[in-house]
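Each chain is listed here by its residues.
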Amino acid sequence: MQSDWSIDVPNLGEVIFRQELLKSLAKFRQLDACDKESGGVLIGKYLNSGGAMQIDDFTPPQPTDKQSRCGFYRSATHNRIVTQAWRESEGHATYVGLWHTHPESNPNYSLLDRRDWEKALKESRYEGQHLFFIIVGQQSLRCWVGVNSKKETKISLIGERHFGK
Ligand SMILES: [Zn+2]
């Protein structure tokens, strides 16, 4: 994770994941047998120039969450933190997606994850039509983009980034 991660997202433009964010998420990798799943929300900003969006912040696990080896329940505290970040940045920093960890090398989403993401796309409040979903695996993290249109939601893998030694 030596640099920012830039992905060209169809119908949106260049989305930049800041290096510091990726480094911070990597710290939650489930490398030991007893490490539990972690998760939270992604916070970013829509840009007027130099790309479409920058994703540079996140919420870490909260005491009100429920964490287990293969499960993570995200409590409402995350929403409150995002609202606070939104206020403090005068409306620039906003909720742009979700992240969580998996105890597998190269992560894939579960049926439950998919339902959670679709629910987020349909029911949560956010700017625009896109949300990003990161799963942090042991050797790489993967990112999916979800698009909400009038009739359906579409979720597609947009990138994978391997962790260095
Ligand atoms: Zn999952």
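Residues numbered from 1 in each chain as written. Predicted model: local features only at pLDDT ≥ 70, side-chain atom pairs only at ≥ 80, totals over all residues. Heavy atoms only, no water.

Draft legend 1. Main features of the sheet that holds strand β1 (residues 5-9). The strand order β1-β2-β4-β3-β7-β8-β9-β10 describes an open sheet built from 8 strands, whose pairing is mixed. Two strands lie at the open edges of the sheet, namely β1 and β10 (153-162), each paired on one side alone. Neighbour-to-neighbour, the strand axes of this sheet turn through a mean angle of 25°, independent of strand direction. Inspection of the sheet shows β1 paired to strand β2 (residues 13-17) by 5 bridges, in the antiparallel sense. From the neighbouring strand, Ile 7 faces β2, where its bridge partner is Val 15. Packing against the sheet, helix α1 (residues 19-26) makes contact with β1, β2, β3 (39-46), β4 (53-58), β7 (94-101), β8 (130-136), β9 (140-148) and β10, and its axis sits at approximately 35° to β4. (Pairing = 2+ DSSP bridges. Helix = DSSP H or I, 4+ residues; strand = E, 2+ residues; numbered from the N terminus. Axes fitted to C-alpha atoms, helices over the stretch in contact; angles between N-to-C directions. Contact = heavy atoms within 4.5 Å.)

Draft legend 2. Structural context of the coordination of the zinc ion. Only His 100 (NE2), His 102 (NE2), Asp 113 (OD) and Asp 113 (OD) from the protein coordinate the zinc ion, and they sit 2.0 to 2.5 Å from it. Bound by 4 donor atoms, the zinc ion shows angles of 56 to 158° at the metal and therefore irregular coordination geometry. For His 100, a relative accessible area of 9% puts it in the buried group. (Donors = N, O, S within 2.8 Å, 3.2 Å for Na, K, Ca; no water. Tetrahedral: all angles 85-135°; square planar, octahedral: opposite > 155°, others 65-115°. Buried < 20%, exposed > 50% of the residue type's maximum accessible area, 1.4 Å probe, protein only.)

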